[in-house]
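Observations on chain architecture
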Amino acid sequence: MSSKLTIDSTVRLSTGYEMPLLGFGVFQNSNAKESVVEAFKAGYRHVDSAQLYGNEAQVAEAVRASGLDRNDVFITTKCVSRTHGYESTKKELDESLAKMKFDYIDLFLIHDPLSGKQRRLETYKALLEGRAAGKIRTVGVSNYGIHHIEEIKAAGYELPAVNQVELHPLCQQKEIVKYCKENSIVVQAYCPIIRGQTGYPIIHAIAAKHDRDPAQILIRWSLQKGHVFEIFKSRHRSDALLTFRFIPLPKSATPSRIRSNAEVYDFELNEDDMQKLDSLDRGKNGAISWNPVEAP
């Protein structure tokens, strides 16, 4: 299974588009252009931004500065609860496109569920219409619990292709992950390296065993969750995966760390390693971020 993974591996979304398995996060990155250019040099082709981060334009500038074709990179952005609502979401989508000077956004997520049921559904409807208009390729959600996705289903809308949640060995969101797997929703993992809070003996022992740093072990744990069902040739990638997987989104502004976080394809964690890391789960008490999956 895992030996077939490379930095070019992708997962096919329910919309038919392919998303690289490793993403690069730019939360709290005020120098995102330089960082994203460095990430592209390291082999990343997937960048996770948001309207709230204030760096959408910098991410887009990095795409142009890199010389990469727009179709060969996968760009995500998100709309936070204070901008939710039908008309406001349409307006914010157009503003994101204007800031980026892009014709489309690969993945647009509802950033959180904190605006309440009515505004969540209005926002989702606006994003689906944005997709129909060609402004978005795939619509998803972030920080959504099962009940939030069920309200989308009850409203008669198609399910989101992606749910981005806090996910790492300490906070494994097992019920949400199980639901997403059963409904063909890909799970993106933010805070995959626990924001550097890796002072756990199990993590350090496994890192020492593989002569790796703890962050690389945690990223590899995310990449190895799930099962490969089919390898197929794709238009843009030679190694795309039809599977259920976690998509880790490590972030850093340090060039050496950006590179090392991508150097996770020449070793594997065995079953014992994975089980030991799985044993660290503390449920919602293991969260280190806002994790609003239980919001009403």
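Quick caveat, the model's predicted, so the values are computed rather than measured. (Residues numbered from 1 in each chain as written. Predicted model: local features only at pLDDT ≥ 70, side-chain atom pairs only at ≥ 80, totals over all residues. Heavy atoms only, no water.)

What follows deals with helix α7 (residues 201–210). Every buried residue of α7 is accounted for by Ile-203, Ile-206, Ala-207 and His-210. When α7 is viewed along its axis, its buried side chains cluster within an angular range of 100° and face the same direction. Along α7, exposed side chains directed more than 90 degrees from the buried face belong to Pro-201 and Ala-208. Lining the buried residues of α7 we find α8 (214–224) and α10 (271–278). (Buried < 20%, exposed > 50% of the residue type's maximum accessible area, 1.4 Å probe, protein only. Helix = DSSP H or I, 4+ residues; strand = E, 2+ residues; numbered from the N terminus. Arc of directions from axis to C-beta. Contact = heavy atoms within 4.5 Å.)

Taking burial as the measure, the five residues of strand β9 (residues 186–190) include five buried ones, the bulk of the element. Neither face of β9 is left uncovered, since the one carrying Val-186, Gln-188 and Tyr-190 and the one carrying Val-187 and Ala-189 both have all their residues buried. Relative to β9, strand β8 (residues 162–166) is paired through five bridges, and the arrangement is parallel. The residue of β9 that forms the bridge with Val-165 is Ala-189. Once you follow β8 into helix α6 (residues 174–182) and on to β9, the crossover reads as right-handed. (Pairing = 2+ DSSP bridges. Right-handed = clockwise from strand over helix to strand, strands pointing away.)

Below, the discussion takes up the UniProt feature "site: Lowers pKa of active site Tyr" (unreviewed entry) in the chain. Taking the UniProt record as the reference, the feature "site: Lowers pKa of active site Tyr" (unreviewed entry) is found at Lys-78. The buried category is assigned to Lys-78, whose relative accessible area is 0%. In contact with Lys-78, other than residues within four places in its own chain, are Asp-48, Ser-49, Ala-50, Gln-51, Tyr-53, Phe-108, Leu-109, His-111 and Gln-164. (UniProt positions renumbered as here; feature names shortened; annotations may be inferred.)

So, on to unusual backbone geometry. Positioned with a positive phi, Lys-101 is a non-glycine residue whose angle comes to about 60°. For Lys-101, the location among the structural elements is in the loop between α3 (86–100) and β6 (105–110). Despite not being glycine, Gln-173 has its phi angle at roughly 45°, a positive value. Within the secondary structure, Gln-173 is located in the loop between β8 and α6.

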